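Per-entry structural report
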Amino acid sequence: MRNLVLYRGLTLAVPRRLVRNTLIGTVRAKSLEPGRVVSYPHRMTKPDPFRYFKTSREIIRLAVMMYVRFPLSLRNVEDLLHERGIDVSHEAVRFWWHRFGPMFAAEIRKRRIAGMKSSRWRWHLDEMFVKINGEQHYLWRAVDHEGEVLESFVTKTRDKKAALKFLKKTMRKHGRPEVIVTDGLASYGAALKEIGVADKQETGRWLNNRVENSHLPFRRRERAMLRFRRMRSLQKFAAVHASVYNHFNQERSLSTRTNFKLNRAAALTEWRGIFVN
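Here we come to the packing of aromatic side chains. This structure, assessed with the given rule, holds 17 aromatic pairs. Taking 5.3 Å as the distance between ring centres and 75 degrees as the angle between the ring planes, the aromatic pair formed by Phe104 and Trp271 counts as edge-to-face. Residue Phe104 is found in helix H4 (residues 90–113), and its partner Trp271 is found in helix H9 (residues 257–272); the two are separated by 167 residues along the sequence. Both residues of the pair, Phe104 and Trp271, belong to the buried class. Here the aromatic rings of Phe228 and Phe237 are separated by 6.0 Å at their centres, their planes lie at 45 degrees, and the arrangement is tilted. An identical accessibility class is assigned to Phe228 and Phe237; each is buried.

Now the structure itself:
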């Protein structure tokens, strides 16, 4: 004989012998009558990512932001925190960056993608040459007309297969743009033709300066890190760096000093509010 139990919004038919030994909600299931559907309030709360850490979340956020946003080494971050009276090891900064960097980036990306409808107007695509242990790799990057980094993708080749995978990944997240600006690499044309958007491609000598200039912050960060040793490390850092860069990039040359200070303060306040319980 089975009992009907409503557990976490689902009506389950559970054998009585199992229900009697199960704890559902805060009431023991052996007290339920056969055939009775019971609903218990279930509060879905996200676990605190900073639990079990003795260091405060403010210090962890600050260390991760300094390491990802600025061209600093782990020991540079340790020294800067020491000047503020915070005694931590550079290995602690390394652990925090690996643990919380992708989490912060995912939260920023989730908040920004919903409001980036304008990013479907014009995309700029380009690939960077990156060496990993002396071997040539390629970092594909896509930015919109305002310099917002949309996607970063690491491959060993820059053929049609790699370009197609990069384009599909980007379009799956952000949709299809009206115009796609690329350089003269033939892989772009072949991949766009297979997707069916070859008519949206534009190429020109200076048309792709937007994405070329967006490489510079990442290049400065790459030199400070003394390059990368694994593809996975490059992919991880490129994704996190893109989200943090998008969050704090205020295009200061296009706004007045007053507006820039307001936007900068708002971005910092939002950063400090990530994962606040």
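Next, the rest of the story.
The next subject is a positive patch on the surface. On the surface, a cluster of positive charge is contributed by Arg69, Arg252, Arg257, Lys261 and Arg264. Ranked by the residues each element gives to the positive patch, the list is headed by H9, at 3 residues. Relative to the assigned elements, Arg264 resides in helix H9. According to the relative accessible area criterion, Arg264 is partly exposed, its value standing at 36%.

In this section: the sheet that holds strand S5 (residues 122–132). Strand order in the open sheet made by the 5 strands is S7-S6-S5-S8-S9, with mixed pairing throughout. Unpaired on one side and paired on the other, strand S7 (149–155) and strand S9 (201–203) mark the two borders of the sheet. Going from strand to strand, the sheet's axes swing by 25 degrees on average, the running direction of each strand aside. The strands touched by helix H5 (residues 160–174) are S5, strand S6 (135–144), S7 and strand S8 (179–182); relative to S7, the strand with the most contacts, the crossing angle is about 150 degrees.

This next bit is on the environment of Leu192. With respect to the helices and strands, the residue Leu192 is situated in helix H6 (residues 186–195). Its relative accessible area of 0% is what places Leu192 among the buried residues. In this structure the C-alpha to C-alpha distance between Leu192 and Leu167, which are 25 residues apart in sequence, comes to 8.0 Å. Setting aside residues no more than four positions away along its own chain, Leu192 makes contact with Leu167, Ile180, Val197, Ala198 and Gln201.

Definitions and cut-offs
- Residues numbered from 1 in each chain as written.
- Predicted model: local features only at pLDDT ≥ 70, side-chain atom pairs only at ≥ 80, totals over all residues.
- Heavy atoms only, no water.
- Phe/Tyr/Trp six-rings, centres within 6.5 Å; stacked < 30°, edge-to-face > 60°.
- Helix = DSSP H or I, 4+ residues; strand = E, 2+ residues; numbered from the N terminus.
- Buried < 20%, exposed > 50% of the residue type's maximum accessible area, 1.4 Å probe, protein only.
- Patch = residues over 30% accessible without salt bridge, like charges linked within 9 Å, V, L, I, M, F, W, Y side chains within 5 Å.
- Areas by Shrake-Rupley, 256 points an atom, 1.4 Å probe, with all protein chains shown as cover.
- Salt bridge = Lys/Arg side-chain N within 4 Å of Asp/Glu carboxyl O.
- Lys, Arg positive; Asp, Glu negative; His and termini not counted.
- Charge placed at Lys NZ, Arg CZ, Asp CG, Glu CD.
- Pairing = 2+ DSSP bridges.
- Axes fitted to C-alpha atoms, helices over the stretch in contact; angles between N-to-C directions.
- Contact = heavy atoms within 4.5 Å.

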